[in-house]
Amino acid sequence: MTATPEYASDDSARHDRTPATVEQLEEEGDIAADFIEGLLDIADIDGDLALDVRAGRAYVSVEADDAAAVAHIADPDTVQALQEITRIAVQNKTGRFSRLILDIGGSRDARQQELADLVDRAIVKLDEGASQASLPAMSSYERKLVHDIVSERGFISESYGEGAARHTVVRRG
């Protein structure tokens, strides 16, 4: 079966995980923005969308002059769920696996601070004599952020486990 250039129609193309080009990532961002805009309209939530491409990922941010306008959808679990359904919508349109990142009302910055706090608590355990400190299971994107934070603090980290149970362990270098 032959896939059209714009929309893939065979299963092998739907699971293609080769790195996307900047053009493809911009297309992902546009598709995601349209999808999120539709959801915001349905929920009667005012928000402005910003699109960016960074580190091989499309980023879509929902911002509002009044933070309260998006506060009830900025909870990390809600953002994660919205990100997943947005990725599915993008994949459905493009036929490509999407690693899109969604940020609502600064939720990503807030989550990064939470992860930094988790790492700092793990380091305290190491300073108190523990040989290692395990962090809770989290997404691959969050684990990557944790690895970066751990490295910045002069420690080492590794991920263990499979699927939803995959977590990070912090050790001294």
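Note: the structure precedes this text.
Quick notes on the rules
- Residues numbered from 1 in each chain as written.
- Predicted model: local features only at pLDDT ≥ 70, side-chain atom pairs only at ≥ 80, totals over all residues.
- Heavy atoms only, no water.
- Salt bridge = Lys/Arg side-chain N within 4 Å of Asp/Glu carboxyl O.
- Helix = DSSP H or I, 4+ residues; strand = E, 2+ residues; numbered from the N terminus.
- Core = buried A, V, L, I, M, F, W, Y, C linked by side-chain atoms within 4.5 Å.
- Buried < 20%, exposed > 50% of the residue type's maximum accessible area, 1.4 Å probe, protein only.
- Contact = heavy atoms within 4.5 Å.

A. Focus on the pattern of salt bridges. By the definition in use, this model includes 8 salt bridges. Arg 153 serves as the salt-bridge partner of Asp 120, at 2.5 Å between the closest nitrogen and oxygen. You can see Asp 120 sitting in helix H5 (residues 107–127) and its partner Arg 153 sitting in the loop between helix H6 (140–152) and strand S5 (155–160), a full 33 residues away along the chain.

B. Seen up close, the nonpolar core. Core analysis: the biggest nonpolar cluster contains 19 residues, and Leu 115, Val 119, Leu 135, Val 146 and Val 170 have the highest contact counts within it. For this core, the elements supplying multiple residues, two or more each, are H5 and H6. The element that contributes the greatest number of residues to this core is H5, accounting for 7 residues. Leaving out residues up to four positions away in the same chain, Leu 115 has contacts with Met 138, Glu 142, Leu 145, Val 146 and Ile 149. Counting residues in each nonpolar core, the second largest holds 17 residues, with Ala 58, Val 79, Leu 82 and Val 90 among its members.

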